[in-house]
Amino acid sequence: MGVDYTLAVSSCSAALFLSIKASGISPKASILIPAFTFAAVPSAIIHADCLPILCECGENYRIDLYEIRSKLALADAVLISHMCGHTSDMDAILAECEAVGKPIIEDAAHSLGTTWNGQMIGSFGKVGCFSFQSYKLLNAGEGGILVTDDPEILVKAVIMSGAY
Ligand SMILES: Cc1ncc(COP(=O)(O)O)c(C=O)c1O
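All residue numbers refer to positions counted from 1 along the written sequence of the respective chain. Side-chain atom pairs in this predicted model are given and counted only at pLDDT of 80 or more, local residue features only at pLDDT of at least 70, and totals for whole chains, interfaces and linings cover all residues. Here the side-chain values reflect all heavy atoms present in the structure, with hydrogen atoms and water set aside.

*Asks:* When you look at the environment of E59 in this model, what are you seeing that I'm missing?
*Replies:* Note on conventions: DSSP H or I runs of at least 4 residues are helices, E runs of at least 2 residues are strands, and numbering of each starts at the N terminus. Relative to the elements of secondary structure, E59 occurs in the loop between strand 3 (51–55) and helix 3 (65–71). With a relative accessible area of 82%, E59 lands in the exposed category. In this structure, the C-alpha to C-alpha distance between E59 and V78, residues 19 residues apart in sequence, is 21 Å. Only protein chains enter the accessibility calculation, which uses a 1.4 Å probe; a residue whose area is less than 20% of its type maximum is buried, one above 50% is exposed, and one in between is partly exposed.

Following this line, the structure appears as structure tokens:
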């Protein structure tokens, strides 16, 4: 993956929940997500006591950049689902979010091994989350993993996952 740390957990849902908690996103924070996603994504956000804000997707199944731009001021963070291998424009999304200091988490449940401009999907955000549930690219029955370059996020996620 080209990242420094990984933590295996029970599901991608758990990885998403832990990513939100370990990234320092406060309770009650608003998190932008694509409207075309899987129910586990808003569920993980609500589980983390935050609020999902939906952004429309285009006919190409990718999050609409205009929607991100127009709603970013309302949000504290962005969680991108790359649905069914349709990778969103990570250069544009990173540029928008970095300009205003909003963290990105990637739901890469469908995107193990895929790239955007040569970089692995899941390695763009502060944390990338993958699923090993039985319909996914790597089938472990159930399971998930999070990847990050941030040692503080990793340590917090390890402690909160109970995996120590
Ligand atoms: C896009 C997407 N994100 C997250 C998940 C949650 O993964 P898990 O079942 O490992 O919790 C799924 C599905 O299972 C999914 O399809």
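On we go from here.
*Asks:* Looking at this structure, I do not really get the packing of aromatic side chains. What am I missing?
*Replies:* Given two aromatic rings, their pairing is described by the distance between the two centres and the angle made by the two planes. When the centres of two rings from Phe, Tyr and Trp lie within 6.5 Å, Trp using its six-membered ring, the rings pair. Their planes under 30 degrees apart give stacked, over 60 give edge-to-face, and anything left gives tilted. Applying the stated criterion across every chain, the model contains one aromatic pair. Here F36 and Y61 contribute two aromatic rings whose centre-to-centre distance is 5.6 Å and whose plane-to-plane angle is 45°, an arrangement assigned as tilted. Of this pair, F36 sits in the loop between strand 2 (30–34) and helix 2 (40–47) while Y61 sits in the loop between strand 3 and helix 3, and the two are 25 residues apart along the sequence. Of the residues examined, F36 reaches a relative accessible area of 30% and is grouped as partly exposed.

*Asks:* What exactly am I supposed to notice about the sheet that holds strand 1 (residues 5–9) here?
*Replies:* Sheet strands associate in pairs through backbone hydrogen bonding, adopting either a parallel or an antiparallel arrangement. Should DSSP find at least two bridges between two strands, the strands are regarded as paired. Spatially, 1-9-8-5-4-2-3 is the arrangement adopted by the seven strands of the open sheet, whose pairing is mixed. Among the strands making up the open sheet, the edge pair consists of strand 1 and strand 3. Along the sheet, successive strands turn relative to each other by an average axial angle of 20°, direction set aside. Of the pairings in the sheet, the one linking strand 2 to strand 3 comprises five bridges and is parallel in character. Note on strand 3: the bridge partner recorded for P34 is C55. What makes two residues a contact is simply this: any of their non-hydrogen atoms within 4.5 Å. Axes here refer to lines fitted to C-alpha atoms; in helices the fit is confined to the stretch in contact. Angles between the N-to-C directions go from 0 to 180 degrees. Across the sheet, helix 4 (residues 90–99) touches strand 4 (77–81) and strand 5 (104–107), and the angle it forms with strand 5 is around 150°.

Any functional reading would require information beyond the geometric quantities listed.
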